[in-house]
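The residues making up each chain are set out below.
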Amino acid sequence: MSEFVDGVMGIIKKRDAAAFEFHQAVKEVLESIEILYEREPSYGKYKIVERIVEPERVITFRVPWMRDDGSVEVNRGIRVQFNSAIGPYKGGLRFHPSVTVGTLKFLGFEQIFKNALTTLLLGGGKGGSDFDPKGKSDMEVMRFCHSFMLELYRHIDPNTDIPAGDIGVGAREIGYLFGIYKKIVNKFECVLTGKGRQYGGSLIRPEATGYGATYFLMEMLNTKGCNLEDKKVAISGSGNVAQFATQKVTEYGGKVITLSDSTGYIVDDDGIDREKLEFVMWLKNVKRGRIREYSEKFKCEYHEDNKMWASRKFDVAMPCATQNELQKDDAKALVKNGCQAVSEGANMPCVPEAIDIFQNNDVLFGPGKAANAGGVAVSGLEMSQNSQYLYWTRETVDDHLKRIMKDINHQAFETSKEFGQKWNYVLGANIAGFRKVADSMIHQGIV
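Notes on the structure follow. Keep in mind the model is a prediction, meaning the values are calculated, not measured.

## With respect to the environment of arginine 62
Counting through the fold element by element, arginine 62 comes out in strand β1 (residues 57-66). Residues contacting arginine 62, with those up to four places away along its chain left out, are Val74 and Asn75.

## Section: the side chain of threonine 118
Relative to the helices and strands, threonine 118 resides in the loop between α5 (101-117) and β4 (123-129). Looking at threonine 118, the relative accessible area reads 0%, which means it is buried. Here asparagine 115 takes part through its backbone oxygen, which lies 2.7 Å from a polar atom of the side chain of threonine 118. Within the local environment of threonine 118, its side chain forms a polar contact with the backbone nitrogen of leucine 120, the two atoms lying 3.1 Å apart. The residues contacting threonine 118, other than those within four sequence positions of it, are Ala373, Val376, Ala377, Ile404 and Ile408.

## Describing a negative patch on the surface
A cluster of acidic residues, Asp270, Asp273, Glu275 and Glu278, forms a negative patch on the protein surface. Following the sequence through the fold, glutamate 278 ends up in helix α10 (residues 274-287). Residue class for glutamate 278 comes out partly exposed when judged on its relative accessible area of 49%.

## Description of unusual backbone geometry
Most peptide bonds take the trans configuration, and most residues that are not glycine carry a negative phi. The backbone of arginine 288 sits at a positive phi, close to 60°, despite the residue not being glycine. Inspection of the secondary structure assignment puts arginine 288 in the loop between α10 and α11 (292-298). Backbone geometry places tyrosine 389, a non-glycine residue, at a positive phi of 55°. Topologically, tyrosine 389 is positioned in the loop between α15 (374-388) and α16 (394-418).

## A closer look at the pairing of β4
Of all 7 residues making up β4, 7 are buried, and the element is well covered by its neighbours. Of the two faces of β4, both are covered, the one formed by Gly123, Gly125, Gly127 and Ser129 as well as the one formed by Gly124, Lys126 and Gly128. Bridging between strand β2 (residues 72-83) and β4 involves 6 bridges; their strand directions are antiparallel. Across the sheet, the residue bridging to arginine 79 is glycine 127, located in β4. Looking at chain direction, strand β3 (residues 89-95) and β4 are connected through 5 bridges and run parallel. Within β4, the residue paired with arginine 94 across the bridge is glycine 128.

## Topic: the packing of aromatic side chains
Per the stated rule, a full pass over the model turns up 30 aromatic pairs. Judged by centre distance (5.8 Å) and plane angle (40°), the rings of phenylalanine 279 and tryptophan 282 are tilted. Taken together, the positions of phenylalanine 279 and tryptophan 282, both in helix α10 and 3 residues apart, correspond to about one turn of that helix. The interplanar angle of 25° and the centroid separation of 6.2 Å between the aromatic rings of phenylalanine 413 and tyrosine 425 together place this pair among those described as stacked. Here tyrosine 425 lies in helix α17 (residues 425-444) and phenylalanine 413 lies in helix α16, a separation of 12 residues in the sequence. Residue phenylalanine 413 is classed as buried on the basis of its relative accessible area of 12%. We classify tyrosine 425 as buried; its relative accessible area is 1%. Here the aromatic residues Phe4, Phe22, Tyr37, Tyr43, Phe82, Phe109, Phe113 and Phe434 are joined through ring pairs into a cluster of three or more. Between the NZ or CZ atom of lysine 136 and the centre of the ring of phenylalanine 131, over which it lies, the distance is 5.3 Å. When the ring centre of tyrosine 391 is taken as origin, the NZ or CZ atom of arginine 197, which lies over that ring, is 3.9 Å away.

## Describing the pairing of strand β8 (residues 264-267)
Along β8, one buried face is formed by Gly264 and Ile266 and the opposite face, lined by Tyr265 and Val267, is buried too. The pairing of strand β7 (residues 255-261) with β8 spans 4 bridges and is antiparallel. Bridge pairing links aspartate 261 to glycine 264 in β8. The hairpin turn running from β7 into β8, its antiparallel successor, is 2 residues long. Bridge count between β8 and strand β9 (residues 301-303): 3 bridges; the pairing is antiparallel. Following the sheet pairing, valine 267 is matched in β9 by glutamate 301.

The rules behind these values
Residues numbered from 1 in each chain as written. Predicted model: local features only at pLDDT ≥ 70, side-chain atom pairs only at ≥ 80, totals over all residues. Heavy atoms only, no water. Helix = DSSP H or I, 4+ residues; strand = E, 2+ residues; numbered from the N terminus. Contact = heavy atoms within 4.5 Å. Buried < 20%, exposed > 50% of the residue type's maximum accessible area, 1.4 Å probe, protein only. Polar contact = N/O pair within 3.5 Å; in protein donor to acceptor, adjacent residues only side chain to side chain. Patch = residues over 30% accessible without salt bridge, like charges linked within 9 Å, V, L, I, M, F, W, Y side chains within 5 Å. Areas by Shrake-Rupley, 256 points an atom, 1.4 Å probe, with all protein chains shown as cover. Salt bridge = Lys/Arg side-chain N within 4 Å of Asp/Glu carboxyl O. Lys, Arg positive; Asp, Glu negative; His and termini not counted. Charge placed at Lys NZ, Arg CZ, Asp CG, Glu CD. Pairing = 2+ DSSP bridges. Phe/Tyr/Trp six-rings, centres within 6.5 Å; stacked < 30°, edge-to-face > 60°. Lys NZ or Arg CZ within 6 Å of the ring centre and 35° of its normal.

So, to be careful, I would describe these as geometric facts and stop short of saying anything about function.
Structure (structure tokens):
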């Protein structure tokens with residue numbers, strides 16, 4: 001590492017010794033912006049990096065709640081309000097046993113630059129709890145959400161911090177959170193996005209991240225005169241992002257042949273068409289079953305190992321499951337088999353070594369902070385609709401989403417060219433997002 005990167009990473013590792021994903025996210029950004037620092041000495045003068053890697057505020061609190069049998073459980077609630085230089089904190093809530101302050105710092109740090117790229121006035125934040133909604137009754141989830149919001153409400157409002165959903169926080173959880181917030185503050189206001197359509201939610205919001213990752217992928221391919229027609233596509237995951245990426249890829253003429261969950265993956269060489277996708281949506285959203293059941297119904301391959309990316313020749317890969325799921329050997333296999341493009345639907349699903357392999361072999365690579373920004377983009381559009389007390393049509397929201405993803409691609413692509421590394425979307429996205437936030441911080445003084 002250079003002296004610049006090494007110095008900042010030393011600070012990070014001393015303060016957050018065990019937050020390895022946070023280290024990874026910071027290091028990627030630092031390595032990209034080093035060339036910008038050489039051009040703009042004011043960033044060093046005002047200690048922009050040293051300030052931007054430290055959250056403005058981290059809130060932790062206990063969340064006691066009661067099970068149906070009367071027993072009491074206690075979880076930890078967390079909200080990382082990372083940076084508000086260009087707007088109120090914006091970022092999802094994650095309910096999962098793996099949630100820690102370190103996890104949320106990684107996600108919140110990424111959110112700063114993702115939000116900056118959307119062109120919307122949104123700062124970066126993230127939050128959640130180590131509560132696991134799986135296996136809980138609706139009443140247990142409701143009691144937890146109410147207890148969680150009884151503390152969180154003190155730290156959020158439409159002009160300060162607007163949380164949304166994430167892993168483990170869907171329409172049910174958002175509804176419970178919004179209901180108790182509204183009762184506490186006695187106001188109906190846009191303090192949460194991802195709400196139900198009946199009470200202020202936006203059309204296209206459930207689809208937004210998967211659609212957006214596909215729109216970004218299409219824009220990347222367009223820069224080389226290509227499209228998705230007849231391309232074989234590997235998608236990991238089988239949740240919200242994977243489902244709607246599958247839908248949109250299929251609409252554009254691609255053939256999705258894989259999906260996965262925590263137990264294994266399926267390979268359907270005939271492609272996951274509309275009828276099959278409807279089954280996946282029922283299986284995962286209603287029955288909450290396992291992807292293995294897809295293979296039993298449609299008589300295709302099912303594997304319990306982690307060799308999905310090497311299982312076939314894929315033209316395009318879309319990791320849509322979780323962070324660090326695509327390893328170095330997976331990237332080697334994809335390159336060997338002729339993969340042309342990778343679009344990250346999840347947050348940081350590719351390890352740094354995998355990204356290096358893609359870039360060194362001229363594989364178009366769309367990093368998550370650019371490719372999966374569709375979710376927060378439509379959350380911003382939901383805020384706009386709420387502020388006007390309006391509902392936009394599906395077509396209007398989708399047109400705005402396409403425009404935003406096209407603009408994100410343009411910013412990253414043009415910035416990569418500006419710094420002499422054409423098609424390096426990692427560098428382009430990091431510099432474009434960082435520059436917007438850093439310049440705002442300088443204008444606002446040492447705060």
